[in-house]
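Survey of secondary and tertiary structure
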Amino acid sequence: MTNLVKSGKEILDDFFAEIFNIPDVDPAIAQCLADLYRQSKLTDTNVKNELQKIREQNGNKN
């Protein structure tokens, strides 16, 4: 019996590929996070900026 151990990158790749299937996850946020991950731009600052853009698009300026 062989136990395959996934690398951290493989785990993250799987997570961001399946993020859309997690119950109650906002599709816009899932798309934003998946896009940032694919672009290798998943940083605290970029996430905050993208979430602010989503808030503004939804009419919530706070």
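Everything discussed here concerns the structure shown above.
Our subject in this report is the structure included herewith. Bear in mind that the values here come from a model prediction, so they are computed numbers and not experimental data. (Residues numbered from 1 in each chain as written. Predicted model: local features only at pLDDT ≥ 70, side-chain atom pairs only at ≥ 80, totals over all residues. Heavy atoms only, no water.)

1. A few points about the packing of helix α2 (residues 27-38) against helix α3 (residues 44-57)
Look at α2 against α3: their axes get within 10 Å of each other, and the N-to-C directions meet at 150°. Taken together, α2 and α3 sit at an angle that is classed as roughly antiparallel. As α2 runs across α3, the sense of the crossing is right-handed. Between α2, through Ala28, Ile29, Cys32, Leu33 and Leu36, and α3, the contact on the second element is made entirely by Asn46, Val47, Glu50, Leu51 and Ile54. Per-class residue counts for the contact of α2 with α3 are eight nonpolar, one polar and one charged. (Axes fitted to C-alpha atoms, helices over the stretch in contact; angles between N-to-C directions. Helix = DSSP H or I, 4+ residues; strand = E, 2+ residues; numbered from the N terminus. Parallel < 35°, antiparallel > 145°, perpendicular 65-115°, else oblique. Left-handed = near helix turned anticlockwise from the far one by under 90°. Contact = heavy atoms within 4.5 Å. Nonpolar A, V, L, I, M, F, W, Y, C, P; charged D, E, K, R; others polar.)

2. A look at the nonpolar core
Within the largest apolar cluster, five residues are counted, these being Phe16, Ile19, Ala30, Ala34 and Tyr37. Top contributing element to this core by residue count: α2, with three residues. Discounting chain neighbours no more than four positions away, the residues touching isoleucine 19 are Val25, Ala30, Leu33 and Ala34. (Core = buried A, V, L, I, M, F, W, Y, C linked by side-chain atoms within 4.5 Å. Buried < 20%, exposed > 50% of the residue type's maximum accessible area, 1.4 Å probe, protein only.)

3. Here we look at the pattern of salt bridges
Applying the stated rule across the entire model yields five salt bridges. For the salt bridge of aspartate 14 with lysine 6, the shortest nitrogen-to-oxygen distance reads 2.3 Å. Note that lysine 53 and glutamate 50 form a salt bridge whose closest N and O atoms lie 3.1 Å from each other. With lysine 53 and glutamate 50 both in helix α3 and three residues apart, the pair spans about one turn of that helix. (Salt bridge = Lys/Arg side-chain N within 4 Å of Asp/Glu carboxyl O.)

4. Considerations on the packing of aromatic side chains
Applying the stated criterion to the full structure yields two aromatic pairs. Ring centres of phenylalanine 15 and phenylalanine 16 lie 5.0 Å apart, and the angle between their planes is 85°; on these two criteria the pair is classed as edge-to-face. Residue class for phenylalanine 16 comes out buried when judged on its relative accessible area of 8%. Taking the centre distance of 4.5 Å and the plane angle of 15° together, the rings of phenylalanine 16 and tyrosine 37 count as stacked. (Phe/Tyr/Trp six-rings, centres within 6.5 Å; stacked < 30°, edge-to-face > 60°.)

5. Looking at a nonpolar patch on the surface
Where nonpolar side chains cluster on the molecular surface, the patch consists of Phe15, Ile22 and Val25 and spans about 210 Å² of accessible area. With respect to the element layout, phenylalanine 15 can be found in helix α1 (residues 8-18). (Patch = residues over 30% accessible without salt bridge, like charges linked within 9 Å, V, L, I, M, F, W, Y side chains within 5 Å. Areas by Shrake-Rupley, 256 points an atom, 1.4 Å probe, with all protein chains shown as cover.)

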